[in-house]
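Per-entry structural report
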2 protein chains.
Amino acid sequence: MKIERIETIPYSIPYSHPLRFASGEVHAAAHVLVRIHTDEGVTGIADTPPRPYTYGETQASIVSVLQDIFAPQVVGLDPLDREKVQRIMARTVNNPTAKGAVDIALWDIAGKAFGVPVHKLLGGYTDSMRVSHMLGFRPAPELLDEALRFRELYGITTFKLKTGRRPLSLDVEAARVLREGLGEEAEIYLDANRGWSANEALEVLRRTDGLGLSMLEEPCDAAEAMSRRRLVRLSPIPVVGDESVPTPGDVARELLSGGCNAICIKTARSGFTQAKEILGLCTGLGVDVTMGNQIDTQIGSLATVTFGAAHEATQRRAGELSNYLDMADDLIAEPLTIRNGAIRVREAPGVGADIDELKLARYRQDT
Amino acid sequence: MKIERIETIPYSIPYSHPLRFASGEVHAAAHVLVRIHTDEGVTGIADTPPRPYTYGETQASIVSVLQDIFAPQVVGLDPLDREKVQRIMARTVNNPTAKGAVDIALWDIAGKAFGVPVHKLLGGYTDSMRVSHMLGFRPAPELLDEALRFRELYGITTFKLKTGRRPLSLDVEAARVLREGLGEEAEIYLDANRGWSANEALEVLRRTDGLGLSMLEEPCDAAEAMSRRRLVRLSPIPVVGDESVPTPGDVARELLSGGCNAICIKTARSGFTQAKEILGLCTGLGVDVTMGNQIDTQIGSLATVTFGAAHEATQRRAGELSNYLDMADDLIAEPLTIRNGAIRVREAPGVGADIDELKLARYRQDT
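Here we summarise the structure given alongside this text. (Residues numbered from 1 in each chain as written. Chains lettered and ligands numbered in written order. Predicted model: local features only at pLDDT ≥ 70, side-chain atom pairs only at ≥ 80, totals over all residues.)

This part takes up the overall build of chain A. A tally of regular secondary structure across chain A gives 13 helices and 12 strands. Expressed as lengths along the three principal axes of its C-alpha atoms, the size of chain A is roughly 60 × 40 × 40 Å. For chain A, with 367 residues in total, the buried portion stands at 55%. Put simply, 74% of the contacts in chain A that link residues at least 6 apart link residues at least 24 apart. (Helix = DSSP H or I, 4+ residues; strand = E, 2+ residues; numbered from the N terminus. Buried ≥ 20, exposed ≤ 12 C-beta atoms within 10 Å, placed from the backbone. Contact = placed C-beta atoms within 7 Å.)

Right, let's talk about the interface of chain A and chain B for a bit. Tallying the contact residues gives 30 residues for chain A and 29 residues for chain B. Every element with two or more residues in the side of chain A that touches chain B is listed here: helix H1 (59-74), helix H8 (225-234) and helix H9 (248-256) of chain A. Residues of the side of chain A that touches chain B, tallied by class, amount to 14 nonpolar, 12 polar and four charged. (Nonpolar A, V, L, I, M, F, W, Y, C, P; charged D, E, K, R; others polar.)

Here the focus is the sheet that holds strand S3 (residues 43-48) of chain A. What links the strands of a sheet is backbone hydrogen bonding, and the strands pair in either a parallel or an antiparallel sense. Residue and element names in this part refer to chain A. Strand order in the open sheet formed by three strands is S1-S2-S3, with antiparallel pairing between adjacent strands. Across the chains shown, the open sheet's two edge strands, defined by having one partner strand only, are strand S1 (3-21) and S3. Strand-to-strand twist of the sheet, defined as the mean angle between neighbouring strand axes without regard to direction, takes the value 15 degrees. Of the strand pairs in this sheet, strand S2 (residues 24-38) and S3 are connected by six bridges, and their pairing is antiparallel. Across the sheet, residue Leu33 finds its bridge partner in S3, namely Asp47. Each of S1, S2 and S3 is contacted by H1, which is oriented at about 160 degrees to S1, the strand it contacts most. (Pairing = 2+ DSSP bridges. Axes fitted to C-alpha atoms, helices over the stretch in contact; angles between N-to-C directions.)

A few words now on helix H11 (residues 298-308) of chain A. Working note: α-helix, 3.6 residues per turn, so residues spaced by three or four point in the same direction. Here H11(A) lies mainly inside the structure; 11 of its 11 residues are buried. Those residues of H11(A) not exposed but buried are A:Gln298, A:Ile299, A:Gly300, A:Ser301, A:Leu302, A:Ala303, A:Thr304, A:Val305, A:Thr306, A:Phe307 and A:Gly308.

A word on the pairing of strand S9 (residues 262-265) of chain B. Residues and elements named next belong to chain B. Along S9, one buried face is formed by Ala262 and Cys264 and the opposite face, lined by Ile263 and Ile265, is buried too. Relative to S9, strand S8 (residues 239-241) runs parallel, the two being bridged by two bridges. Bridge assignment links Val240 to a residue of S9, and that residue is Ala262. Handedness of the crossover is the feature at issue here: the chain leaves S8, passes through helix H9 (residues 248-256), returns alongside S9, and the resulting connection is right-handed. Note on the crossover from S9 through helix H10 (residues 267-285) to strand S10 (residues 288-291): the handedness is right-handed. (Right-handed = clockwise from strand over helix to strand, strands pointing away.)

In this section: helix H6 (residues 169-182) of chain B. Residue and element names in this part refer to chain B. Between its terminal C-alpha atoms H6 stretches 19 Å, which fits the 20 Å expected from 14 residues at 1.5 Å a residue. Residues of H6 that are buried: Asp171, Val172, Ala174, Ala175 and Leu178. Along the long axis of H6, the arc covered by the buried residues comes to 160 degrees, so they all point the same way. Opposite the packed face of H6, turned more than 90 degrees from it, sit the exposed residues Ser169 and Glu180. Looking at the buried residues of H6, the elements they touch are helix H5 (140-154), strand S5 (158-162), strand S6 (187-191) and helix H7 (198-207). Once H6 ends, the next one or two residues include Gly183, with phi positive near 85 degrees. (Expected span 1.5 Å × (residues − 1). Arc of directions from axis to C-beta.)

Residues and elements named next belong to chain B. By secondary structure assignment, the location of Arg149 is in helix H5. Look at Arg149 and you get exposed, because 12 C-beta atoms sit within 10 Å. Along the sequence, Arg149 and Glu217 sit 68 residues apart, while their C-alpha atoms lie 24 Å from each other.

Here the focus is the relation of the copies chain A and chain B. After a rotation of 180 degrees and a shift along the axis of 0.0 Å, chain A superposes on chain B with an RMSD of 0.0 Å. Considering both components of the superposition, the chain copies are consistent with a two-fold axis. Among all residues of chain A, the minimum C-alpha distance to the rotation axis is found for A:Ser61, at 2.1 Å. Interface residue correspondence from chain A to chain B reaches 97%, placing this contact among same-surface, isologous pairings. (Least-squares fit on C-alpha atoms with pLDDT ≥ 70 in both.)

The next thing to look at is the packing of helix H1 (residues 59-74) of chain B against helix H2 (residues 82-90) of chain B. Residues and elements named next belong to chain B. Between H1 and H2, the shortest axis-to-axis distance is 10 Å and the interhelical angle comes to 145 degrees. For the element pair H1 and H2, the recorded crossing hand is right-handed. On the side of H1, the interface is formed by Phe70, Gln73 and Val74, while H2 contributes Val85, Ile88 and Met89. For the contact of H1 with H2, a count of residues per class yields five nonpolar, one polar and no charged. (Left-handed = near helix turned anticlockwise from the far one by under 90°.)

Right, let's get into the sheet that holds strand S2 (residues 24-38) of chain B. Residues and elements named next belong to chain B. Spatially, the three strands line up as an open sheet ordered S1-S2-S3, and their pairing is antiparallel. Two strands bound the open sheet, and with one partner strand each, they are strand S1 (3-21) and strand S3 (43-48). Direction aside, the axes of adjacent strands within the sheet are offset by 15 degrees on average. Where S1 meets S2, 14 bridges bridge the pair, whose relative direction is antiparallel. Bridging from a neighbouring strand, Tyr11 pairs with His31 of S2. Packed on one face of the sheet, helix H3 (residues 96-114) meets S2 and S3 and runs near 150 degrees to S3.

Residues and elements named next belong to chain A. Of note, the bond from Arg166 into Pro167 is cis; its omega dihedral lies within 30 degrees of zero at 0 degrees. Along the polypeptide, Pro167 turns up in the loop between strand S5 (158-162) and helix H6 (169-182). Even without being a glycine, Asn340 presents a positive backbone phi close to 55 degrees. Within the secondary structure layout, Asn340 lies in the loop between strand S11 (319-320) and strand S12 (342-344). The exposure class assigned to Asn340 is exposed, which follows from the 10 C-beta atoms found within 10 Å.

A separate point is the packing of H9(A) against helix H10 (residues 267-285) of chain A. Residues and elements named next belong to chain A. Running from N to C, H9 and H10 point in directions that differ by 20 degrees, and their axes come no closer than 9 Å. Judged on the interaxial angle alone, H10 and H9 are roughly parallel. Between H9 and H10 lies a crossing of right-handed hand. Contacts between H9 and H10 pair Pro248, Val251, Ala252 and Leu255 from the former with Gln274, Glu277, Ile278, Leu281 and Leu285 from the latter. Here the residues of the contact of H9 with H10 sort into seven nonpolar, one polar and one charged. (Parallel < 35°, antiparallel > 145°, perpendicular 65-115°, else oblique.)

Next comes the structure, spelled out in structure tokens:
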């Protein structure tokens, strides 16, 4: 089997509820659908979300890197030779979601070629992931309403609160209102998306003491090196690296230098192959992981479920899987469902995301 | 004065002598010329070299980031408000040369508006920089011929040898031949562009002991975190971070964690504003800097001279300024000259790179 061509289709689907957070906001899923075609008719599918405020990618840069740099080097290769493709892609720096999409599409091809669901290829630990729901910037009472509604509707009991605002009291108040309204049993954690300084984050930790928060993600810019290390030393709860650790090398450097002590894994930026490396690094070093959301579509969320359900360490914590609920539509043929607070893997060969061609025709931007 | 528009012109000029090194090779300068136009007729100029193997940028990604993301936010701002522009650009991750070009063009505007050369605005320490010449992958005797010719022609006595090849004996032999042929007084240093492992680099250091090499740049991938720290601890000569330290935050993290103990500054990726921050960080921490070359055109090299001559610390070591000699042509109206091993700053207002419009018309790729 040989890779015949890489198809890159920019498309845009509006959000019914725009998401706001410290590093940016999203009004439409202007992504790139990647399809890798083989000479045997098997096609691998992945979704590619450009996040300039996190990775510096745009739709145009993703198409350019895939078509101008990667395609000439990978066309003709066996799609199962993922490590060869990794070496080729590694020669181009950054562009994590462009690389991640290629890798996930190759795993999808492998699953389809073998007639096996990819969560089995990856590890097959369990068949579903619990869902953590992300709460963006809104007034505290609205956040609580949303959380209660999601608990009622979907059975979700883990909530990630987007923080990083000033004055700090906005976020402190939101955390308190959520804890009081949701009760003891809900898991609540914070993600500041680099919105605070390290010392502001420490103040928030003092002011939320007793609220039973479980983690603090990306409290400040990792470039604030000395102060962030002090924060990590003093924090009573794990400090999770996310956008500071997009690659295995970044993970190693941040963990070894004390810049964080837990790691967020995102399949959109790591693909499955690098996510496996990061997972091995973290379990080897004795460090917690969480499965994050790159504001993914259902196609991207299904990739996260596929990876997250496959390993013991990735399914321990709830995965961030519900952002797609804010989208007005999706390219996926068979929609995801959240039941009892969890999303199930697909049992079809591959990752399991078939495309609705009519919707693709409607939302694609290149015709 | 207000920024009116950002002009981005992709162009391509062939190399008469392609450059080969461990992380890539270059056959043509397929860059993007950036011109920032103001409502008062002052135009800032900068050159933008895409280096996918170092920063993940392409011509298309540079144009996309500048036109789709930055232009809508900076048009209408005062071009002197560089810190505002920095904050805007910081919200987009990576894309260092796209950002660097905007910053240099704004400094160019400032110099022109004030009627002063930018090296004076930046510091005005001296009026020229000594030139270090880069020797790419070629057989050792040819490298020596080239070095002797450049010493004879231009008075250059500092040479950077591109290394990172296997077997290691290729590079060890090249270093020996250069030292024997050039004599004691020449400065010779190595740049492996991540081509070796940390342990291979240590072997090269043992095998080149006694050759009087002055520095070892980017010996291995910074992601090889533990082994690289061991290398840095054991190396008798400074280990220079280059592509591992594109931003001030990266510089801080690598220095604090022992991943390098000297820093290469490149104006193409840092602009002048971030290069100043990096310089302050390094002189504050007591760390050597070198002025590097992003395989720059004469426009880019003039920017490096402008910055490098402006500060005491940046002009101590010879700057890497001669790559442009391998190009078949250039967009600059008045060519650079190397005399007595040095390039002089321009005394015209701004950075001093006027564009030859006929050549631009000939090499631009967007018409």
